[in-house]
Amino acid sequence: MDSILPKLQRLSPGTVIPKPEAKAEFTVKGWGKRNGETALIYLIPNHSDPHKPHQKGITGGEWEQAYRRLLTTGEFTREWFDAHMPRCSKEGPCNFTTIGGIFSLFDLATYERRGVYRKRP
């Protein structure tokens, strides 16, 4: 099975992450570390201080786990994400929509409905 990491490495800082229900833009910051592992860091709007966005990150291992799920079952769901990626899930629901949004950006999946991204044929 191929890896999602080479695709992720082509993302430029400032790339807007598609979010189905977000009111403001979430953007790629670049690569950093989370829990001792290389992670894709992204910026979340800070409504109380727009000049200081919040940062979150999704590790390479988490990306691979989500990508394998999409490829093997044809979907990436919030229910599965919460059950099988609990640390990533506990950091916030935006991690789920960031993964799904980037899958959409790469034309790997489409947002089907709340909590479900479906693999593109």
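See the structure shown above.
Since the model is a prediction, treat every value here as computed from it, not as a measurement.

**Describing the sheet that holds strand S1 (residues 16-17)**
Line of reasoning, step 1. Pairing in this open sheet of 4 strands is antiparallel, and the strands run S1-S2-S3-S4 from one edge to the other. Only two strands of the sheet have a single neighbouring strand rather than two, namely S1 and strand S4 (54-59).
Line of reasoning, step 2. As defined by bridge partners, strand S2 (residues 26-34) adjoins strand S3 (residues 37-44) across 7 bridges and the pair is classed as antiparallel. Looking across to S3, one finds that Val28 is bridged to Tyr42.
Line of reasoning, step 3. Each of S3 and S4 touches helix H2 (residues 60-73); the most contacted strand, S4, lies at about 65° to it.
Line of reasoning, step 4. With respect to the sheet, helix H5 (residues 94-105) is in contact with S1, S2, S3 and S4, its orientation differing from that of S4 by roughly 70°.

**Comments concerning the packing of aromatic side chains**
Line of reasoning, step 1. Under the defined criterion, the tally for this structure stands at 9 aromatic pairs.
Line of reasoning, step 2. Taken together, a centroid distance of 5.9 Å and an interplanar angle of 75° make the contact between Phe76 and Phe81 edge-to-face.
Line of reasoning, step 3. Members of the aromatic cluster, each reached through a chain of ring pairs, are Trp63, Tyr67, Phe76, Trp80, Phe81, Phe96, Phe103, Tyr111 and Tyr117.
Line of reasoning, step 4. If you follow Lys19 out to its NZ or CZ, it ends over the ring of Phe26, 4.3 Å from the centre.

The rules behind these values
- Residues numbered from 1 in each chain as written.
- Predicted model: local features only at pLDDT ≥ 70, side-chain atom pairs only at ≥ 80, totals over all residues.
- Heavy atoms only, no water.
- Pairing = 2+ DSSP bridges.
- Helix = DSSP H or I, 4+ residues; strand = E, 2+ residues; numbered from the N terminus.
- Contact = heavy atoms within 4.5 Å.
- Axes fitted to C-alpha atoms, helices over the stretch in contact; angles between N-to-C directions.
- Phe/Tyr/Trp six-rings, centres within 6.5 Å; stacked < 30°, edge-to-face > 60°.
- Lys NZ or Arg CZ within 6 Å of the ring centre and 35° of its normal.

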